Amino acid sequence: MDYSTYEIYDFDHVSAINMSTGFKERSYKNHWHSYGEILLVGPGNPNIFSVGKNKYEMVPDDLLIVWPMEMHSVIDADREKSLVIQFSNAFINSLFDLRRIMHMYRNLHVICINSHPVLAKKLKEIVLQMKEIFFAERQDREIRCCMLLMEFMLVLLEYRNELAPEMGEEDPYAITDDVMKRMISVTDYIKNNLTADDLSQGAMAEMAGISRDYFSRIFKNVTGMNYSKWLNTIRLEKASQLLSEEGRTLTEIAMLSGFQSISSFNRVFREEKGMAPGEYRALFDGNSK
């Protein structure tokens, strides 16, 4: 994953839901972010998108789902009449059932109107309800849109048998709720304790009460990354958040993000983001002027 393409400006991080439409440009660079997106494809052709290494040629009323931290781009599509709904990863993580659904459908990105006409129609209706509420700027729009987002996810769950062939070779139901809860408990612990003495994979497997080998396999199934890559991602996410704020030195940020030294922090940050931490902080300084 190329961390230098992390998108930092477009999403309102205070809200659980954001929406955008009306962009005249037909393309948008390859990028990623910590929130997810649901895109309702607009009229006309072509409508070409990428998620990860896959390219999707879509038709009007298809839906594209981009899960948090997935690299994606708009290659050539109608962005003026398409609708993008952005949803907070923190909101999804707040409910176990939503996290379970997200992990279950991690390999699913396209709901095709031609292959799944009934499902696509139901999801489109939900998306359009969200659009109407959001752009009416009602005081309760965030609550209502979150309720509709949960309905969107529940409809996906109802159609799990129909969608199963498109979710990859690995059985999405292989992880029991008990194991999923253990993995979520571990990932929550790590996110809240980045300065802990021992965050090794072996220690986390012991915390989960499962073998190290099984932990390794299940962890990748749940998160889409191996353990070391995921841990590095979480540390960099924390560091990026702290760099966007004022009042802390680079050394303090390195320590709070779980890096053992300023030199290792600088090295990893530059390797992953393509710039030094100080340069990344300057992006926010420039954006605030």
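Our structure is the block above this text.
Below, the structure is looked at part by part. (Residues numbered from 1 in each chain as written. Predicted model: local features only at pLDDT ≥ 70, side-chain atom pairs only at ≥ 80, totals over all residues. Heavy atoms only, no water.)

## Topic: the sheet that holds strand β9 (residues 110–111)
Moving on, step 1. Pairing is antiparallel across the open sheet formed by 5 strands, whose spatial order is β1-β8-β3-β6-β9. With partners counted over all chains shown, the strands left at the sheet margins are β1 (17–20) and β9, one partner each.
Moving on, step 2. The pairing of β1 with strand β8 (residues 83–87) spans 4 bridges and is antiparallel. When the sheet's bridge partners are listed, S20 is paired in β8 with V84.
Moving on, step 3. The strands that helix α3 (residues 117–135) touches are β1, β3 (36–40), β6 (63–66), β8 and β9; relative to β1, the one it contacts most, it runs at about 95 degrees.
Moving on, step 4. Taken strand by strand, helix α4 (residues 141–158) contacts β1, β3, β6, β8 and β9, and its axis lies near 85 degrees from that of β1. (Pairing = 2+ DSSP bridges. Helix = DSSP H or I, 4+ residues; strand = E, 2+ residues; numbered from the N terminus. Contact = heavy atoms within 4.5 Å. Axes fitted to C-alpha atoms, helices over the stretch in contact; angles between N-to-C directions.)

## A short note on helix α7 (residues 201–208)
Moving on, step 1. For α7, the full list of buried residues reads Q201, A203, M204, A205 and A208.
Moving on, step 2. Buried residues in α7 make contact with α6 (177–192), α8 (212–223) and α9 (227–243).
Moving on, step 3. One or two steps after α7, the chain reaches G209, where phi turns positive at roughly 75 degrees. (Buried < 20%, exposed > 50% of the residue type's maximum accessible area, 1.4 Å probe, protein only.)

## Remarks on the nonpolar core
Moving on, step 1. Core analysis: the largest hydrophobic core is formed by 40 residues, its most contacted members being I17, I111, F152, M153 and L156.
Moving on, step 2. For this core, the elements supplying multiple residues, two or more each, are β1, β3, β6, β8, α1 (89–93), α2 (96–104), α3 and α4.
Moving on, step 3. Setting aside anything within four residues of it in sequence, one finds I111 in contact with D62, L63, I65, L119, A120, L123, L156 and L163.
Moving on, step 4. One finds M180, V186, I210 and F215 within the second-largest nonpolar core, a separate group that totals 26 residues. (Core = buried A, V, L, I, M, F, W, Y, C linked by side-chain atoms within 4.5 Å.)

## Notes on the packing of α9 against helix α11 (residues 262–273)
Moving on, step 1. In the contact formed by α9 and α11, the axes pass within 11 Å of each other and the chain directions differ by 100 degrees. Between α9 and α11, the angle is such that the two are roughly perpendicular. Each of K229, N232, L236, A239, S240 and L243 in α9 lies in contact with α11, whose residues at this interface are F265, V268, F269, E272 and K273.
Moving on, step 2. When its residues are assigned to classes, the contact of α9 with α11 shows 6 nonpolar, 2 polar and 3 charged. (Parallel < 35°, antiparallel > 145°, perpendicular 65-115°, else oblique. Nonpolar A, V, L, I, M, F, W, Y, C, P; charged D, E, K, R; others polar.)

## Quick look at the layout of surface pockets
Moving on, step 1. Size it by volume and the second largest pocket reaches roughly 350 Å³.
Moving on, step 2. If you trace the second largest pocket, you find 23 residues lining it, with S20, E37, R79, V84 and Q86 closest to the centre.
Moving on, step 3. Broken down by secondary-structure element, the contributors of at least two residues to the lining of the second largest pocket are β1, β2 (28–31), β3, β6, β7 (72–76) and β8.
Moving on, step 4. In terms of residue class, the lining of the second largest pocket is built from 10 nonpolar, 8 polar and 5 charged. (1 Å grid on protein atoms, 1.4 Å probe; cavity = no way out; pocket = protein on both sides within 12 Å on 5 of 7 lines; lining within 4 Å. Points joined across faces, edges and corners; volume = space filled by probe spheres on them.)

Geometric descriptors of this kind do not, in isolation, establish any biological role.
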